[in-house]
Amino acid sequence: MKLSDQIKPISYLKAHAAELVRNLSSQAEPLVITQNGEAKAVMLDIKTYEQTQETMALLKMLALGQRQIEEGKVQPAGEVINRLRERSSSR
């Protein structure tokens, strides 16, 4: 379904809230809510929202890792593994 089909005014949301929530769960498509002709909010079903949040978290970790590589804040994996083994064997 095209995003343009998923745009509704806030008055429609007020009048059809239960139906829209049901449809969100079954369609897994975002719903854009407009107010005075301008997009103001996006509604998602909870599963899609959670997946989006997980994706954002992974992207942040990748960006952080890339930044650390660029800044030279990395160590060879073998060295790190050896240090961890030494630490665990000394306990």
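Residues numbered from 1 in each chain as written. Predicted model: local features only at pLDDT ≥ 70, side-chain atom pairs only at ≥ 80, totals over all residues. Heavy atoms only, no water.

What follows is about the pairing of strand 2 (residues 31-35). With respect to burial, strand 2 is a largely interior element, four of its five residues being buried. Relative to strand 2, strand 1 (residues 7-9) is paired through three bridges, and the arrangement is parallel. Across the sheet, the residue bridging to Ile-7 is Val-32, located in strand 2. One crossover worth recording links strand 1 to the parallel strand 2 by way of helix 1 (residues 10-27), and it is right-handed. Counted between consecutive antiparallel strands, the loop separating strand 2 from strand 3 (residues 38-43) contains two residues, among which Asn-36 sits at a positive phi close to 55 degrees. (Buried < 20%, exposed > 50% of the residue type's maximum accessible area, 1.4 Å probe, protein only. Helix = DSSP H or I, 4+ residues; strand = E, 2+ residues; numbered from the N terminus. Pairing = 2+ DSSP bridges. Right-handed = clockwise from strand over helix to strand, strands pointing away.)

A few words now on the packing of aromatic side chains. Each aromatic ring pair is described using two quantities: the centre-to-centre distance and the angle formed by the ring planes. One pass over the structure, following the stated rule, counts zero aromatic pairs. Sitting over the ring of Tyr-12, Lys-8 keeps its end group 5.0 Å from the ring centre. (Phe/Tyr/Trp six-rings, centres within 6.5 Å; stacked < 30°, edge-to-face > 60°. Lys NZ or Arg CZ within 6 Å of the ring centre and 35° of its normal.)

Our focus in this paragraph is a nonpolar patch on the surface. A contiguous nonpolar surface patch, about 380 Å² in accessible area, is contributed by Val-42, Leu-44, Ile-46 and Tyr-49. Position of Tyr-49 relative to the elements: it lies in helix 2 (residues 46-70). Taking relative accessible area as the criterion, Tyr-49 reaches 40% and is therefore assigned partly exposed. (Patch = residues over 30% accessible without salt bridge, like charges linked within 9 Å, V, L, I, M, F, W, Y side chains within 5 Å. Areas by Shrake-Rupley, 256 points an atom, 1.4 Å probe, with all protein chains shown as cover. Salt bridge = Lys/Arg side-chain N within 4 Å of Asp/Glu carboxyl O.)

A separate point is unusual backbone geometry. Although it is not a glycine, Asn-36 sits at a positive phi angle of roughly 55 degrees. By secondary structure assignment, the location of Asn-36 is in the loop between strand 2 and strand 3. Judged by its relative accessible area of 78%, Asn-36 is exposed.

Turning our attention to the sheet that holds strand 2. Read from one edge to the other, the open sheet built from three strands follows the order 1-2-3, with strand pairing classed as mixed. The two strands at the open ends of the sheet, each matched to only one other strand, are strand 1 and strand 3. The average undirected angle you get between the axes of adjacent strands in this sheet is 35 degrees. (Axes fitted to C-alpha atoms, helices over the stretch in contact; angles between N-to-C directions.)

Another point: the nonpolar core. One finds Leu-13, Leu-20, Leu-24, Leu-31 and Ile-33 forming the largest nonpolar core, which totals five residues. Top contributing element to this core by residue count: helix 1, with three residues. Setting aside chain neighbours within four positions, we find Leu-20 in contact with Tyr-12, Leu-13 and Leu-31. (Core = buried A, V, L, I, M, F, W, Y, C linked by side-chain atoms within 4.5 Å. Contact = heavy atoms within 4.5 Å.)

Looking now at the pattern of salt bridges. The tally for this structure, following the rule as stated, stands at two salt bridges. In this structure, Lys-40 engages Glu-38 in a salt bridge whose closest nitrogen and oxygen atoms are separated by 3.9 Å. A residue is classified by how much of its surface remains accessible, and Lys-40, at 52% relative accessible area, is exposed. Between Lys-73 and Glu-71 there is a salt bridge; the shortest N-O distance is 3.1 Å. On the accessibility criterion, Lys-73 (60% relative accessible area) is exposed. Using a relative accessible area of 44% as the deciding quantity, one classes Glu-71 as partly exposed.

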